[in-house]
Every structure is written in C-alpha cells, then in structure tokens.
Amino acid sequence: MKTDPILPAIRLEDVNVRLPSRAGLVDILSGVTLSVEQGEAVAVVGPSGSGKTTLMMVVAGLERATSGSVRIGGEDLEGLNEDELARLRAGNIGIVFQSFHLVPTMTALENVALPLEFLGEADPFAAARSALEDVGLGPRADHFPAQLSGGEQQRVAIARALSPRPKIILADEPTGNLDSKTGAQVMDLLFDLRAKFDATLLLITHDGALAKRCGQVLTMQDGSLAPQKRVAAAARK
Amino acid sequence: MSDTVLKGGGQRGSPTLALPLELRLALRDLRTSLGGFIVFVACIALGVMAIAGIGSLAGALKEGLAREGQSILGGDVAVSVVHRRVSEGEKAFLQARGAVSEVATLRAMARPAEGRRNALVRIKAADAAYPLFGAVALGEGGAQSYKSTGTAAAERLLLERLQISLGDTIRIGDADIRVTGVLEREPDQLSARPAFGPRIIMSLATLEATGLIQPGSLIRWRYRVKLADARAEMLKTFRADLERQFPDAGFSVRDRRDPNPRVSRIIDRFSQFMTLAGIATLMIGGIGVANAIAAYLARKRATIATFKCLGASGATIVRIYLIEVFLLAAIGTAVGLVAGALFPAAVVLVAGDVLPVYLPRGPQPLPLLLASFYGFLTALLFVLWPLGNARDVPPALLMRQNVSDEPSRPRLPYLVAAGVCAAALAGMAIAGAESRYLAAWSMVGLAALFVFYLGVGYAVERLARRVARPRMPELALVRASLSGPGSLARPVVLSLGAALSLLAAVSLVNTSLMKEFRTNIPKQAPSYYMLDIPREKIDSFREIVRTVEPNARFDRAPMLRGRIVRLNGARPDEKKAAPNARWVLNGDRGLTYADAVPEGSKLVQGDWWREDYAGPPLVSFEAEIAEGLGLKLGDTVSVNVLGRTLKARIANLRAVDWESLAINFVMVFSPNALAKAPHNFLATVTLPEDAGAAREAQLTQALSDEFAGVTALRVRDAIDAFRAIAERVMAAVRAAGGLTLVVGAVVLAGALGVAHPRRIRETVIFKTLGATRARLVAAHLIEYGLLALVAGLAAGALGTASAWAIVTLVMDAAFTFSATAVLQAIGLASALVLIFGAIGTWRVLGASPARQLRRTAG
C-alpha cells in the first residue's frame with residue numbers, strides 16, 4: 001500500500017455495522033466517523049459490548065461495514081475482496097490480539113517470520129530474528145508457544161505484528177491476559193517500537209492509564225464514538 | 001507467492017532448502033501432527049494394498065503363463081480338432097513348419113482286470129514325440145513306463161479308486177493295460193479343458209488297442225508344433241496360412257502367447273471382481289480420510305484465521321493443506337504399494353504348490369501405478385469438502401467468539417472438483433474392467449450404498465431429535481448425543497454398514513447356492529450322463545437300463561461336436577457378442593438333431609420343421625443366446641463338423657430350462673442336416689429316489705460289462721466338484737469382504753477418536769454437575785448398542801436385498817434366506833462398536849476434570 005503522507009492513515013466516515021443475531025439484526029456500530037493521522041496513537045475505550053472490537057475489525061478489513069466508507073492509507077476497503085484485504089493487511093497492518101494467537105505448531109522465530117513469508121520477503125528469518133531481538137527474545141527463537149510464558153508469548157506476537165514494519169498497528173486489549181507488571185512491560189515495548197517505526201497505533205483498552213499514553217482517547221458507547229479530542233502534540237510521541 | 005531463497009546454513013531454525021512457501025508451511029505443520037494421521041494413512045494403505053495386491057497377482061500369473069507358454073501349450077502353436085484326426089494334407093502342412101506331436105484326449109471308463117469297480121478316467125494318448133517342451137513327472141515307474149503298448153501311467157487317485165496297486169492290470173474299452181507308473185504332472189496340464197476323473201497317460205498305440213477310436217467318438221485330437229522359425233511374427237503367419245489353406249477344417253488354434261485363453265479369462269474376471277472390491281474398500285476408507293481431515297482442519301481453524309490476519313489468501317490456505325493431504329496420501333499409498341507388490345510372493349509362500357505356474361519375482365508396474373492413482377484420487381475426493389470449508393474460515397474468528405463453528409457447504413468449485421474426482425474414479429474402474437457393464441453397475445451400487453447408509457444415519461439423528469426428552473438421565477444423555485452436533489450416527493453406520501452388508505450378501509448368496517447344489521439341483525437332475533453310446537447300440541443300451549432298473553427314466557439324443565465358424569456370413573471374432581453369449585463362440589459345442597421340440601425346451605418364436613423335412617438345413621437356436629449374438633429368425637449359422645462346414649437357417653428360437661441339467665443343446669438341427677454324419681448318442685439315466693448305492697453300482701456295472709467304451713459321468717460328482725469350486729470362490733469373496741470390514745473398523749476407530757475430545761469435555765461437565773461413572777458408562781453403552789443394532793439391521797436388510805437380486809435375477813436360482821447371516825452381521829457390528837466404544841469410554845472416564853477445566857478457562 002503506497003501511503004500519501006497527507007491523507008489520514010485511518011479514515012472512517014459514517015460507518016454502520018449491522019449484524020444478524022438470533023434476536024434479529026443488531027446495530028453494532030452506528031454512524032462512526034473517525035480520522036487517525038499517520039504516526040498518531042489513538043486509544044479507544046468503552047464498556048464491554050460497546051463495539052470497540054468491531055471497530056478494530058472494520059479497520060483491519062476483518063469485518064465489512066454495512067454502510068459508510070472505510071479508507072486505510074487512502075485506499076477504500078469497500079471494493080476489495082477477501083484476498084485483496086488479506087494482501088492489504090500483509091505488511092501494512094500489524095495486529096496484536098488479547099489471546100496472542102500464535103501458531104502452536106511453529107516456533108517463535110517461525111511465527112514472527114510468517115507475515116514476511118506471506119509478503120515474499122527475500123530473507124524472512126533474518127528479519128524475524130532481528131524482530132525477536134527487538135523484543136528481547138532472541139535466545140527463545142526456537143521455543144514453541146507452549147514453552148513460553150504469557151508475557152513472552154505476547155512479546156512474540158508484538159514482534160510478529162511489527163516485523164513487516166507495518167504502517168498501522170492494531171492492538172486489541174494486548175494486556176488483557178497478562179498480570180499488571182508484565183502488561184506494563186509489554187506496553188512499554190509496544191510504544192517504544194511504535195515510536196521507533198513511526199507507526200500509527202489504534203489501541204483498544206479499558207485501562208484508563210494505558211489510554212492516556214496515547215495522543216487521542218476515543219470513547220465508544222453503544223456503537224457510537226464520542227467526538228474526537230486531541231491532546232497536545234508532545235503527547236503523541 | 002514468489003519462491004523465497006533462505007540463506008544462512010547453520011542458523012538454527014532457518015531451512016536451507018529453496019522450497020515454495022506453501023510447502024514450507026505444510027511441512028512445518030505436519031512435523032508435530034503426523035501421529036494424528038494414522039487412521040488417514042491406514043485407510044489409504046489398506047485400499048491401495050488390496051488393489052495393488054490383486055493386480056500384482058493377476059499380472060504375475062499372466063506373465064508366468066506367457067513365460068511358460070511353450071511348456072503349458074506343449075508347443076509354439078497347438079491345433080486341435082474333435083471327432084477326427086488331421087488329414088494327410090493337414091499333417092504335411094504342420095510337419096513342414098516344425099516338429100509335430102500328436103495327442104488324443106478323451107473320457108472313458110476303467111475297471112480292474114479282476115473286480116467289479118469302475119471309474120471315470122481322463123485319457124491322454126501321446127505319440128513318441130510328446131512332450132515337445134518340458135517333461136512328464138512320474139512319481140514311480142520310469143520315463144518309459146507309459147510309452148510301451150499295453151502300459152500306462154495313472155494318477156494315484158485312480159489306483160485308490162479301483163483299489164489296485166502299481167503293476168496291476170486295468171481294462172479300458174477292449175484292451176487290458178498294465179499300470180506301470182504313477183503320473184504326477186504333465187507339462188501341458190494347464191492347457192487341458194477341465195474334466196472329471198483321474199488322469200491316465202498312454203501311447204497312441206495303446207489307445208488304438210482299446211477300440212475307443214471310432215467315427216464320431218468324442219475324442220479331441222491335438223497337434224503341437226515346435227516351429228522351426230519360432231519368432232513371434234511367425235505365430236501370426238502360421239495362423240493366417242492355416243486359415244487360408246484349410247478354411248473349413250474347423251481347427252481350434254492357440255499359440256504360446258496365450259496358452260490357455262480360458263484361464264486368462266478366469267484370471268481377468270477374478271482380478272476385475274477383486275479390484276472392484278478393493279475400490280469399495282478404498283471408498284469406505286475414504287470416509288476415514290474425510291473424518292480425519294475434517295477434524296484436523298477444525299482444530300486448525302484458529303491457525304487458519306491467524307494466517308489470514310497475517311496476509312494469507314484463501315488460495316494459499318487451500319494449497320498448504322492440499323500439500324499436507326498429498327504428502328499423507330503419498331505415505332499411505334507407498335505403504336499399500338509395498339504390501340501389494342509383496343502379495344504374489346506371499347501367495348507363493350503359502351500356496352506355491354497349488355499354483356499352475358511359477359510366478360516372476362519382480363513387481364508388476366502397471367497394477368501398482370493404477371493402485372496409486374486410485375489412492376491419490378480417493379484422498380482428493382474425500383478431502384475437497386473439508387478443504388473448501390477451511391478456505392472460508394473467517395479471520396474474524398479470532399476476535400469474535402460467536403462466529404459459527406459449524407462449517408457450511410464449500411464453494412461450488414470444490415463441489416464440482418469432488419464430482420470430477422468421483423467421475424474419474426468411476427471412469428477408471430469401468431474403463432479397466434473386463435465387463436464394463438458389471439463395473440458400471442458396481443459403481444452405481446457403491447454410490448447407492450453410501451447414500452443408503454448416510455440416509456440411515458441421518459434418519460437416526462432426526463428420530464432422536466423428535467423423540468421426547470426422556471426422564472431417565474442416561475437416556476437423555478443418549479438422545480442428546482445421537483441428535484446433537486458431532487453425533488456418531490452417520491460415521492458409525494456408514495463405516496460398518498457397507499462392509500457388513502457385503503459380508504451378509506456373500507453369506508446369503510452362498511447359502512442359496514449351496515442349497516441349489518445340495519438339494520434343488522440334485523432333485524431334478526439326472527443321475528448319470530452316458531457318453532459315446534454307439535448309435536447302432538442305443539436300443540440295446542436302453543434295454544439293459546430298463547431290465548436292471550425298470551423305474552429309471554431314460555432320455556437320449558444324438559450328439560456331435562462342432563464349432564460355429566460363421567454367423568450370417570461373418571466370422572465369430574467379427575461379431576460383438578453379449579457377455580452371456582460369448583462362450584458359445586469359444587471352442588466347439590455339442591450339436592444334435594431332432595424331428596420334434598426336445599423335452600425341456602419351449603418354442604418362443606418360429607415353427608418346428610416337419611418330421612419328414614428334406615429341404616435346406618434348418619437350426620433351432622436357444623433364444624437368450626441368439627439375442628446375445630444378435631441373431632433372429634431367418635439368419636444363418638455355419639458350423640464346422642467333422643471337417644465340413646454346414647450352413648443352416650434359423651427356423652425357430654427356443655427357451656431352455658438349463659437348471660434341470662436334462663439333455664439340452666444351444667443348437668438343434670433338422671435331422672437331414674446331421675443324421676448321416678458319423679456320431680454316437682448321449683443319454684441320461686435318472687434313478688428313482690429310493691435307489692441306493694448298491695442298485696446304482698449294479699446298473700453301472702451291468703452297462704460297463706456290455707459297453708466298455710461308454711463313459712458314465714455321475715452327475716452328483718460333477719455337482720460336488722462345482723460346489724467345491726463355488727465354495728473356494730466364496731471364500732475368496734469373503735476374504736475381500738473381511739478386508740473391507742477391517743477398513744470399516746479402522747474408520748470406526750477414527751470416528752470415535754474424532755469425537756473423543758468432545759466426549760471428554762462433556763464428561764467433565766457432567767461429572768462436575770453430579771453424574772456418577774456408572775451413569776455415564778450406561779449412557780455410552782446404550783448409545784453404542786443402539787448404533788450397532790441399527791448398523792447391523794441395516795446391513796442385514798441391504799445384504800438380503802442384494803443377495804436376493806443376485807441369486808434370482810443374475811443367477812436365476814431360488815433364494816434361500818438365512819437368519820444366521822443377518823444375526824452374524826448384527827453380532828459383528830455390536831462387537832466392533834462396543835469394543836471400540838468401551839476403549840473410548842474408559843479413556844474418557846479417566847480424564848482429569850481439573851486439568852480440562854483449567855485448559856478451557858484459558
């Protein structure tokens with residue numbers, strides 16, 4: 001994806017997501033308008049069931065908007081099919097999940113190399129090793145996820161998300177399954193690497209302190225976003 | 001995706017091979033999962049082994065026959081004719097082309113010089129040049145023990161039957177012959193027609209002394225030629241020259257490339273049947289393949305979703321898992337091919353003495369190649385559906401837990417591809433079969449089998465859903481298990497049902513056939529066929545029968561042998577004959593003439609000729625065979641009899657009751673066509689039911705005293721011999737069914753294994769909620785018992801229906817039901833399901849609830 005430095009990294013306009021359920025159609029997102037500049041760090045907070053995860057899935061191209069426009073780096077996701085969305089994600093969007101979602105049958109190194117292999121990189125394992133070093137897990141490269149602690153697994157997941165140097169990082173409750181000390185260490189790492197690669201960050205969290213580390217804090221309530229408030233430019237870095 | 005070359009040999013975790021991405025990921029995935037695919041590999045291996053094994057054995061037998069063609073045939077070419085010896089001109093033709101050996105074969109009665117016993121024997125009378133290839137194996141007596149006039153070598157069986165010793169004298173026809181050797185094996189034994197009675201070999205001069213060589217006698221004269229120029233192309237030249245010079249001689253010609261076409265046909269037919277059984281085995285194994293892959297891909301849904309989040313397209317996902325399937329299929333196929341290739345060697349080890357030829361040691365490439373195609377195609381057919389579902393795993397699965405876990409139908413291209421695979425499999429089976437008609441119906445039957453058992457399984461699930469929730473907790477658990485997602489109804493019923501219905505059908509067909517052989521046929525069949533009764537003595541023959549057994553029924557007919565050489569002017573090999581009629585064109589047939597419709601026949605079309613008819617020769621043809629040969633009223637048939645060609649017009653068509661075993665012929669001529677030709681009579685004698693062995697012996701003795709040259713063929717002995725052959729064939733079919741059952745058991749074990757994790761989760765929850773072990777065991781036993789009963793009953797029903805259709809419609813015999821066969825099917829199903837189920841239950845109850853609950857909490 002070639003990004004125009006002028007265009008926002010993430011742009012949603014009047015996005016609605018309506019999904020079928022046993023009780024009929026349910027409005028998950030209603031009229032969401034959002035703009036995240038390149039290099040910004042934005043936190044999305046809100047109670048459980050408010051639509052935060054769905055918002056992230058729409059941005060990642062994992063969920064289709066029922067109506068409205070979703071642009072990533074200026075590219076409209078509406079006209080892309082599933083495979084085109086997958087290719088968009090590869091190298092452009094790094095996702096960090098709450099449950100890590102490492103491939104259990106691959107080593108840490110192989111997990112981190114995966115997105116690079118999908119991109120067709122010339123030497124994915126060299127780059128993967130470097131990414132593991134960045135998160136302090138170089139010596140654990142040949143360990144399987146079951147042999148790593150929760151914090152280590154999440155660091156591997158961060159390395160995997162960042163190894164292709166994506167323009168956008170999406171993190172969905174990345175510390176949700178970690179204790180507070182480990183979570184803090186993981187978040188420090190995430191923010192440091194984000195700053196290092198000047199990536200745009202969209203962070204889903206219900207941790208207020210964590211949210212304040214971001215330049216913007218958006219509140220989701222019943223599928224809608226409260227108006228955006230930008231903090232001082234110094235806080236973005 | 002472009003190929004990625006990875007550098008840095010020696011770096012841990014970095015592969016140094018240049019492999020495509022999908023292959024790399026597939027290998028990575030398989031390295032920790034291989035152990036879970038034992039069922040997959042076993043299912044493919046067993047099916048491939050069956051097809052490869054039978055194909056290898058058939059190929060080895062035919063290669064052995066071709067290699068030993070000269071010995072088996074007794075020459076490079078063999079020319080045979082019935083009723084007469086070759087003329088001087090014909091002999092000169094043969095002798096101009098190489099060394100010639102003359103052999104006569106016939107049936108006759110032998111009795112000891114002292115004593116009243118007699119026995120049917122198969123006589124081979126040979127000239128001094130015999131054998132041109134190989135040697136006669138004699139147990140006792142020297143190599144010359146049968147070559148002197150008045151001596152013979154006989155099978156030990158004859159010595160036992162006549163209660164004589166080596167050196168004693170027997171009487172055949174008008175000659176006293178001393179048995180001076182024990183005959184073990186002749187090199188050309190396999191090329192002979194099947195016949196009853198012990199074998200005896202003598203010189204032509206000895207045969208002449210018996211007085212059995214008479215005009216019209218049923219003697220087959222064989223002339224083996226060792227060609228001076230034995231190149232393969234000369235075999236064709238020989239046949240062409242012989243046909244050109246002697247078009248009306250009525251010769252039957254074979255050459256060393258196919259020394260016994262009848263045996264080749266038997267090998268082909270048996271191989272075809274067993275290959276179809278092997279394909280059925282492979283199809284049933286395919287269920288195991290489908291279950292294994294579906295369960296594996298279900299476990300991989302999160303991984304697949306992760307891949308998609310990281311940028312993998314749906315096509316990449318399909319390629320990765322298709323490669324894994326291909327690699328597993330390759331392992332299974334390789335195992336099956338090795339086992340199949342070794343099958344001929346195993347047969348030699350177990351039954352080498354019984355085999356008619358030495359089997360070559362090397363593998364048979366073509367059957368192995370065919371078996372591997374079947375293996376891969378089957379694997380592909382059964383994985384396309386779950387693979388198509390895997391392609392569509394939504395990446396959102398990782399974030400939203402309420403994304404449905406139930407796979408839906410895959411996209412249309414996968415269904416079409418599966419259809420193409422199924423068509424390719426069926427097409428291969430049909431194209432490679434000797435009888436494409438039978439193969440096509442077998443494929444239809446196989447598809448119907450699957451649909452039937454899927455339907456039965458589905459019906460069980462629906463019925464369980466509709467039944468009101470029982471009050472008894474154990475029954476409620478059973479109902480939930482049978483009706484809910486992951487129900488075992490379809491896998492259990494399908495995996496067992498197919499194999500059990502085959503076994504039940506075989507058992508019922510066998511029961512019906514054996515009853516036919518033991519009871520029905522003997523009731524209506526004559527007691528004896530009497531062959532070669534001199535025409536001028538037929539009346540006195542009948543008088544003796546009437547004198548000794550006044551209540552015996554006596555039927556007679558003139559009999560000659562001849563070959564069909566033209567049908568409506570066309571040669572038989574130019575005629576496309578239906579499978580049920582083709583046998584009439586192979587070799588010579590019994591011919592007769594009559595001035596009235598023979599008993600046991602009924603006119604279905606046309607009219608019978610007048611008693612004093614003197615016009616152009618007419619023939620009455622058996623209606624079914626005429627239809628199979630495409631003949632109708634007014635068509636012409638030319639037969640060669642005694643070296644002359646007789647052309648007759650079809651005047652009528654008859655229906656014949658062959659099962660009665662009464663005297664019947666495919667062709668009956670008008671008397672003016674054959675009455676003047678030299679011939680003997682054939683008669684049947686049917687003794688009353690109360691005639692015991694003593695009266696039977698008295699009659700045969702009286703007849704053999706007066707008519708030493710007449711051969712008495714005891715029908716019960718022939719029926720017993722056929723029954724023994726039928727039993728052996730059934731045993732082989734049962735073995736094929738047994739292999740299918742083994743595969744069914746493997747598939748069943750796989751299906752229960754797939755359900756195992758769910759069972760553990762359920763059991764843990766039930767235990768947490770207060771269910772005792774006894775209650776859980778009872779629930780499992782009831783569930784498995786019900787499924788076994790359904791599978792067994794369905795198999796019994798389908799097996800009964802199939803057996804009825806085969807016995808009544810194909811074999812045209814009476815169907816006999818046997819509850820034993822059905823009960824055996826139910827019993828086997830119960831045993832298998834309960835054994836595997838019990839193992840699973842024991843493991844489930846042993847699972848630690850705490851560990852399970854911690855695992856699912858995350």
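Residues numbered from 1 in each chain as written. Chains lettered and ligands numbered in written order. Predicted model: local features only at pLDDT ≥ 70, side-chain atom pairs only at ≥ 80, totals over all residues. Heavy atoms only, no water.

Asks: Where do I start with the overall build of chain B in this structure?
Replies: If you tally the helices and strands in chain B, you get 23 helices and 20 strands. Projected onto its principal axes, the C-alpha coordinates of chain B cover approximately 100 × 65 × 60 Å. Going through the 858 residues of chain B one by one, you find that 52% of them count as buried. Put simply, 82% of the contacts in chain B that link residues at least 6 apart link residues at least 24 apart. For chain B, the exposed area adds up to about 38,500 Å²; of that, 59% sits on carbon and sulfur atoms. Distance between charge centres in chain B, computed from 98 positive and 69 negative side chains, equals 12 Å. (Helix = DSSP H or I, 4+ residues; strand = E, 2+ residues; numbered from the N terminus. Buried < 20%, exposed > 50% of the residue type's maximum accessible area, 1.4 Å probe, protein only. Contact = heavy atoms within 4.5 Å. Areas by Shrake-Rupley, 256 points an atom, 1.4 Å probe, with all protein chains shown as cover. Lys, Arg positive; Asp, Glu negative; His and termini not counted. Charge placed at Lys NZ, Arg CZ, Asp CG, Glu CD.)

Asks: So what exactly am I meant to see when it comes to the overall build of chain A here?
Replies: Summing up its helical and strand segments, chain A has seven helices and ten strands in all. At 17 Å, chain A has a C-alpha radius of gyration in line with the 18 Å of a compact globule built from 237 residues. Judged by the C-alpha coordinates and their principal axes, chain A covers about 45 × 45 × 35 Å. If you take every contact in chain A between residues at least 6 apart in sequence, the share linking residues at least 24 apart comes to 70%. Approximately 9,700 Å² of chain A is accessible, and the part contributed by carbon and sulfur atoms is 49%. Here chain A contributes 24 positive and 29 negative side-chain charges, whose respective centroids are spaced 4 Å apart. (Rg over C-alpha atoms; globule rule 2.2 N^0.38 Å.)

Asks: I tried to follow the sheet that holds strand E8 (residues 200–204) of chain A on my own but got confused; where do I start?
Replies: Sheet strands associate in pairs through backbone hydrogen bonding, adopting either a parallel or an antiparallel arrangement. Residue and element names in this part refer to chain A. Sheet architecture is open: six strands sit in the order E6-E7-E8-E3-E9-E10, paired in mixed fashion. Whereas interior strands pair on both sides, the edge strands pair on one side only; in this sheet they are strand E6 (93–96) and strand E10 (224–225). The pairing of strand E7 (residues 168–172) with E8 spans five bridges and is parallel. Directly across from Asp-172, in E8, lies its bridge partner Ile-204. Lying on the sheet, helix H6 (residues 180–197) is in contact with strand E3 (41–45), E7 and E8; it crosses E8 at an angle near 155 degrees. (Pairing = 2+ DSSP bridges. Axes fitted to C-alpha atoms, helices over the stretch in contact; angles between N-to-C directions.)

Asks: How should I be thinking about the interface of chain A and chain B in this particular structure?
Replies: Often, the extent of an interface is quoted as the loss of accessible area on bringing the components together. Listed per partner, the contact involves 38 residues of chain A and 38 residues of chain B. Contact between chain A and chain B buries roughly 3,200 Å² in total, counting both sides, with carbon and sulfur atoms accounting for 57%. Along the contact surface separating chain A from chain B lie six salt bridges. For Arg-24 of chain B, the salt bridge goes to Glu-117 of chain A, with nearest N and O atoms at 2.9 Å. Our enumeration of links across chain A and chain B arrives at ten residue pairs in polar contact (both at pLDDT 80 or more). When contributions to the side of chain A that touches chain B are tallied by element, the ones reaching two or more residues are helix H1 (52–59), helix H2 (82–89), helix H3 (108–119) and helix H4 (124–134) of chain A. Examining the composition of the side of chain A that touches chain B, we find that six residues originate from one element, H3 of chain A, more than from any other. For the side of chain A that touches chain B, the residue count by class is 19 nonpolar, six polar and 13 charged. (Buried area = accessible area lost by both parts, 1.4 Å probe. Salt bridge = Lys/Arg side-chain N within 4 Å of Asp/Glu carboxyl O. Polar contact = N/O pair within 3.5 Å; in protein donor to acceptor, adjacent residues only side chain to side chain. Nonpolar A, V, L, I, M, F, W, Y, C, P; charged D, E, K, R; others polar.)

Asks: Help me understand the nonpolar core, please; the structure alone is not making it clear to me.
Replies: In terms of nonpolar packing, the biggest core is built from 141 residues, with Ile-10 and Leu-12 of chain A together with Phe-40 and Phe-307 of chain B touching the most fellow members. Among the elements that make up this core, the one with the highest residue count is helix H8 (residues 261–299) of chain B (13 residues). (Core = buried A, V, L, I, M, F, W, Y, C linked by side-chain atoms within 4.5 Å.)

Asks: Help me understand the environment of Lys-236 of chain B, please; the structure alone is not making it clear to me.
Replies: Residues and elements named next belong to chain B. Considering the arrangement of structural elements, one finds Lys-236 in helix H7 (residues 232–245). Judged by its relative accessible area of 60%, Lys-236 falls in the exposed class. As for Lys-236 and Val-325, which are separated by 89 residues in sequence, their C-alpha atoms are 50 Å apart.

Asks: Explain the sheet that holds strand E5 (residues 75–76) of chain A to me, please; I cannot follow it from the model alone.
Replies: Residues and elements named next belong to chain A. Spatially, the four strands line up as an open sheet ordered E2-E1-E4-E5, and their pairing is antiparallel. Both outer strands of the open sheet, strand E2 (24–36) and E5, are each paired with one neighbouring strand and no more. Sheet analysis places strand E1 (residues 10–21) next to E2, joined by nine bridges and oriented antiparallel. Bridged to Val-17 within E2 is Leu-29.

Asks: Where do I start with the packing of aromatic side chains in this structure?
Replies: Geometrically, a pair of aromatic rings is defined through the distance of the ring centres and the angle of the planes. Residue and element names in this part refer to chain B. In this structure the tally under the stated criterion is 13 aromatic pairs over all chains. Ring centres 5.6 Å apart and planes at 85 degrees place the aromatic pair Phe-93 and Phe-246 in the edge-to-face group. On the criterion of sequence distance, the pair formed by Phe-93 in helix H4 (residues 88–95) and Phe-246 in the loop between H7 and strand E10 (252–255) is long-range, its members being 153 residues apart. Residue Phe-93 shares its accessibility class with Phe-246, and that shared class is buried. Consider the rings of Phe-541 and Phe-554, whose centres lie 6.1 Å apart with planes at 45 degrees: the pair is tilted. Highlighted residues: Phe-541 in helix H16 (residues 538–548) and Phe-554 in strand E12 (residues 553–567), separated in sequence by 13 residues. Phe-554 matches Phe-541 in its accessibility class, with the two residues each being buried. (Phe/Tyr/Trp six-rings, centres within 6.5 Å; stacked < 30°, edge-to-face > 60°.)

Asks: Before we go on, may I ask you to explain the side chain of Thr-684 of chain B in this structure?
Replies: All names here are of chain B. The residue Thr-684 is located in strand E19 (residues 680–686) in this model. For Thr-684, a relative accessible area of 2% translates into the label buried. Those residues in contact with Thr-684 that lie beyond four places of it in its chain are Pro-526, Tyr-528, Tyr-529, Arg-553, Phe-554, Asp-555 and Ile-663.

Asks: Whenever I open this one, the packing of H3 of chain A against H4 of chain A confuses me. Can you help?
Replies: All names here are of chain A. Contact geometry for H3 and H4: axes closest at 8 Å, N-to-C directions at 125 degrees. Taken together, H3 and H4 sit at an angle that is classed as oblique. Relative to H4, H3 is oriented so that their crossing is right-handed. On H4, the residues that touch Ala-108, Leu-109, Glu-110, Val-112, Ala-113, Leu-116 and Glu-117 of H3 are Pro-124, Phe-125, Ala-127, Ala-128, Arg-129, Ala-131 and Leu-132. Each residue belonging to the contact of H3 with H4 can be placed in one class, and the counts come to eleven nonpolar, no polar and three charged. (Parallel < 35°, antiparallel > 145°, perpendicular 65-115°, else oblique. Left-handed = near helix turned anticlockwise from the far one by under 90°.)

Asks: Looking at this structure, I do not really get the packing of H3 of chain A against helix H1 (residues 21–31) of chain B. What am I missing?
Replies: Relative placement of two packed helices is described by the angle separating their axes and the distance separating the axes. Direction vectors running N to C along H3 of chain A and H1 of chain B enclose 160 degrees, while the axes themselves pass 11 Å from each other. Put simply, H3 of chain A runs roughly antiparallel to H1 of chain B. For the element pair H3 of chain A and H1 of chain B, the recorded crossing hand is left-handed. On the side of H3 of chain A, the interface is formed by Glu-110, Leu-114, Glu-117 and Phe-118 of chain A, while H1 of chain B contributes Leu-21, Arg-24, Leu-25, Arg-28 and Arg-31 of chain B.

Asks: Would you mind going over the confidence of the model for chain B with me for this structure?
Replies: If pLDDT is low for a region, its predicted coordinates should not be looked at in detail. On average, residues of chain B score 85 in pLDDT, and 94% of them are at 70 or above. Within chain B, the element-level pLDDT minimum falls on helix H23 (residues 849–857) of chain B, averaging 57, and the maximum on strand E18 (residues 667–669) of chain B, averaging 96. (pLDDT = per-residue confidence, 0-100.)

Asks: Help me out: how do you make sense of the pattern of salt bridges in this one?
Replies: Opposite charge on two side chains permits pairing when their charged atoms draw close. In the structure shown here, the tally under the stated rule is 52 salt bridges over all chains. With a closest N to O distance of 2.5 Å, Glu-110 of chain A and Arg-31 of chain B form a salt bridge. Taken together, the residues Glu-110 of chain A in helix H3 and Arg-31 of chain B in helix H1 connect one chain to another. Judged by relative accessible area, which is 7%, Glu-110 of chain A ranks as buried. Each of Lys-124, Glu-155, Glu-186, Asp-188, Arg-199 and Arg-224 of chain B takes part in a single network of salt bridges with overlapping partners.

Asks: I keep staring at the pairing of E3 of chain A and nothing clicks. Help me out?
Replies: Each regular strand shows side chains that alternate between the opposite faces of the sheet. Residues and elements named next belong to chain A. Among the five residues of E3, five are classified as buried, and the element is accordingly described as predominantly covered. Alternating residues of E3 divide into Ala-41, Ala-43 and Val-45 and Val-42 and Val-44, and every residue in both groups is buried. Of the pairings in the sheet, the one linking E3 to E8 comprises four bridges and is parallel in character. Bridging from a neighbouring strand, Val-44 pairs with Ile-204 of E8. Across four bridges, E3 lies against strand E9 (residues 216–221) in parallel orientation.

Asks: What is the right way to look at a nonpolar patch on the surface in this model?
Replies: On the surface, a cluster of nonpolar side chains totalling about 510 Å² of accessible area is made up of Trp-804, Ile-806, Leu-809, Val-810 and Met-811 of chain B. Judged by its relative accessible area of 66%, Val-810 of chain B is exposed. (Patch = residues over 30% accessible without salt bridge, like charges linked within 9 Å, V, L, I, M, F, W, Y side chains within 5 Å.)

Asks: So what exactly am I meant to see when it comes to a negative patch on the surface here?
Replies: Together, Glu-624, Glu-627, Asp-657 and Asp-812 of chain B make up a region of like negative charge exposed at the surface. Tracing the chain through its elements places Asp-812 of chain B in the loop between helix H21 (773–810) and helix H22 (819–845).

Asks: Just to check I follow, could you spell out the environment of Ala-424 of chain B for this structure?
Replies: Secondary-structure assignment places Ala-424 of chain B in helix H12 (residues 412–431). In the structure, Ala-424 of chain B is positioned 50 residues away from Tyr-374 of chain B in sequence and 9.5 Å away in space, judged by C-alpha atoms.

Asks: Just to check I follow, could you spell out H22 of chain B for this structure?
Replies: What sets the pattern is the α-helix's 3.6 residues per turn: residues three or four places apart point alike. In this model, H22 of chain B (27 residues) spans 37 Å end to end at C-alpha, consistent with the 39 Å of a helix rising 1.5 Å per residue. Residues Ala-821, Val-822, Ala-825, Ile-826, Ala-829, Leu-832, Val-833, Gly-837, Gly-840, Thr-841, Val-844 and Leu-845 of chain B constitute the buried set of H22 of chain B. (Expected span 1.5 Å × (residues − 1).)

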